[in-house]
Amino acid sequence: MTVTSTHPTRFQFASDNYAGVCPEAWEAMAEANRGYASSYGEDPWTARASERLREIFETDCEVFFVFNGTAANSLALASLCQSYHSIICHEMAHIETDECGAAEFFSNGTKVLLVRGDNGKVDPAEVVHAVKRRSDIHYPKPKVLSLTQATELGTVYSVDELQAIAELARRHKLRIHMDGARFSNAVASLGVAPKEITWKAGVDVLCFGGTKNGFAIGEAVVFFNKELAYEFEYRCKQAGQLASKMRFLTAPWVGMLENDMWLTRAGNANRCARLLESQLRSIDGVDVMYPSQANAVFVDLPPQLAEMLREMGWHFYTFIGSGGARFMCSWETTEADVDALVKDIQAASAQLKGEKA
Ligand SMILES: *Cc1c(COP(=O)(O)O)cnc(C)c1O
């Protein structure tokens, strides 16, 4: 027996890239669509977007715009190391599990070394171990530490954690790359100036995600260490990542960075996740797996309950063992969406209990 639903497919918690384009990004594209403009980034939108990013980070950084996160990460990483180096990251990192080896490919074979750590964050002791394990010429020389902020498990590195990692990286001569596909959610969550968790915490290059923040498309690669940006435009072009109608990639940045809409939109996603987390914690048999600090809630659901939810039309990803489910909120998620999901989980849970009794 299943609980019936009035909505056949419900994508609200599947992923933040299931959401549409938010109005600010859309309107900026419409505005950029009036008439002609120079191509390949020689347009006023691109200049303004770069300038706004420099204002937000309060520093003179070098900015590039690419189509997606895989390209942003792998091209940025390639410019941080040689082929005989290695990149240290968490075993759950997107660059390891979801980018089809692009980091290794674009850096011509650089090895990715995996470390563990609770809640999706690298354990500093494990990083030191990866560096010190060997120091001879036969080991791929550790050169880069890649951090994901917010992490793949919906947690956020605090300023203190990042400062400690920066100190460690300095000591071991590691450069720091930050995968910020959900950087907006991290900043909104911490409520700090963006510089506090980037260049002031030793980050050399940030891949700043637009897509999951509410853009149609596009990520910014922000080099705080400008020397590392040397000839980066050639890497982008060679990789097929130089947009010819660049203004449509960059206008949304102008629209979203205006009036801090990037933080408002990310804040909505975070708030919905927090609400969902607190409601789920009160349901029997549903265990929240990690503290929800950004826009995701991971829960350990009994497999039958997950199955019932799917039959009710809910789409969500399952990772890490059987039953572990991820509910992801976006700029578009509403409190009513959260209530509807919680109600269905409560109903399914009650029904399961009834069947067991
Ligand atoms: C979504 C995501 C990316 C970018 O993925 P693309 O599909 O290549 O745009 C990068 N890192 C993390 C952690 C992500 O969640």
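We now turn to the structure provided with this report. Remember, it's a predicted structure, so these values are computed and weren't measured experimentally.

Parameters at a glance
Residues numbered from 1 in each chain as written. Predicted model: local features only at pLDDT ≥ 70, side-chain atom pairs only at ≥ 80, totals over all residues. Heavy atoms only, no water. Core = buried A, V, L, I, M, F, W, Y, C linked by side-chain atoms within 4.5 Å. Buried < 20%, exposed > 50% of the residue type's maximum accessible area, 1.4 Å probe, protein only. Helix = DSSP H or I, 4+ residues; strand = E, 2+ residues; numbered from the N terminus. Contact = heavy atoms within 4.5 Å. Near = heavy atom within 4 Å. Polar contact = N/O pair within 3.5 Å; in protein donor to acceptor, adjacent residues only side chain to side chain. Areas by Shrake-Rupley, 256 points an atom, 1.4 Å probe, with all protein chains shown as cover. Axes fitted to C-alpha atoms, helices over the stretch in contact; angles between N-to-C directions. Parallel < 35°, antiparallel > 145°, perpendicular 65-115°, else oblique. Left-handed = near helix turned anticlockwise from the far one by under 90°. Nonpolar A, V, L, I, M, F, W, Y, C, P; charged D, E, K, R; others polar. Expected span 1.5 Å × (residues − 1). Pairing = 2+ DSSP bridges.

A short note on the nonpolar core
Judged by nonpolar contacts, the single largest core of 54 residues is most densely connected at Leu53, Phe57, Phe65, Ile88, Phe183, Phe208 and Trp253. The element that contributes the greatest number of residues to this core is helix α10 (residues 247–257), accounting for 7 residues. Setting aside residues up to four positions removed in sequence, Phe57 forms contacts with Phe183, Pro194, Lys195, Thr198, Trp199, Leu206, Phe208, Val222 and Phe224. In this structure, Ala273, Leu301, Phe327 and Ile345 belong to the second largest nonpolar core, which totals 28 residues.

Some details on the site of the ligand
The local shell around the ligand consists of Asn68, Gly69, Thr70, Asn73, His94, Glu99, Thr148, Glu152, Asp179, Ala181, Arg182 and Lys212. Within the side chain of Thr70, an N or O atom sits 2.5 Å from an oxygen atom of the ligand. A distance of 2.7 Å separates a nitrogen atom of the ligand from a polar side-chain atom of Asp179. Out of a free accessible area of 390 Å², the ligand has 81% covered by protein chains. A per-element tally of the shell around the ligand places helix α3 (residues 69–78) first, with 3 residues.

Considering the packing of helix α12 (residues 303–311) against helix α13 (residues 335–356)
It is at 10 Å that the axes of α12 and α13 come closest, and there the two elements cross at 130°. Taken together, the axis directions place α12 and α13 in an arrangement best described as oblique. Here α12 and α13 pass one another in a crossing that is right-handed. Residues Gln304, Leu305, Met308 and Leu309 of α12 pack against Asp344, Ile345, Ala348, Ser349, Gln351 and Leu352 of α13. In terms of residue class, the contact of α12 with α13 is built from 6 nonpolar, 3 polar and 1 charged.

Quick word on α13
Across its 22 residues, α13 extends 31 Å between first and last C-alpha, which sits within 8% of the 32 Å expected from 1.5 Å per residue. Buried within α13 we find Asp337, Val338, Leu341, Val342, Asp344, Ile345, Ala348, Ser349, Gln351 and Leu352. Where α13 is buried, its residues touch α11 (261–280), α12 and β11 (324–328).

So, the sheet that holds strand β3 (residues 111–115)
Reading across the sheet, the 7 strands line up as β1-β7-β6-β5-β4-β2-β3 and stay open at both edges, with mixed pairing between neighbours. A strand with exactly one partner marks an edge of an open sheet, and here the two such strands are β1 (62–66) and β3. Strand after strand, the sheet turns through a mean of 20° between neighbouring axes, direction not considered. Relative to β3, strand β2 (residues 85–90) runs parallel, the two sharing 5 bridges. The partner of His90 across the bridge, within β3, is Val115. With respect to the sheet, helix α8 (residues 183–190) is in contact with β5 (175–180) and β6 (205–209), its orientation differing from that of β6 by roughly 95°. Along the sheet, α10 makes contact with β1, β6 and β7 (219–223), crossing β1 at roughly 120°.

Regarding unusual backbone geometry
The omega torsion across Gln149 and Ala150 is -5°, close enough to zero to call that bond cis. Take Ala150: it is sitting in the loop between β4 (141–148) and α7 (159–171). For Lys173, which is not a glycine, the phi torsion comes out positive at approximately 55°. With respect to the secondary-structure elements, Lys173 resides in the loop between α7 and β5. In this model, Asn259 sits at a positive phi of 55°, which is unusual for a non-glycine residue. Accessibility expressed as a relative area gives 66% for Asn259, which makes it exposed.

Overview of the packing of α8 against α11
One way to put it is that α8 packs onto α11 with a least axis distance of 8 Å and a crossing angle of 75°. Here α11 runs roughly perpendicular to α8, going by the angle between their axes. In this structure, α8 contributes Phe183, Ser184, Asn185, Val187, Ala188 and Ser189 to the contact, and α11 contributes Trp262, Leu263, Ala266, Gly267, Ala269, Asn270 and Arg274. Each residue belonging to the contact of α8 with α11 can be placed in one class, and the counts come to 7 nonpolar, 5 polar and 1 charged.

Just distances and angles here, no functional claims.
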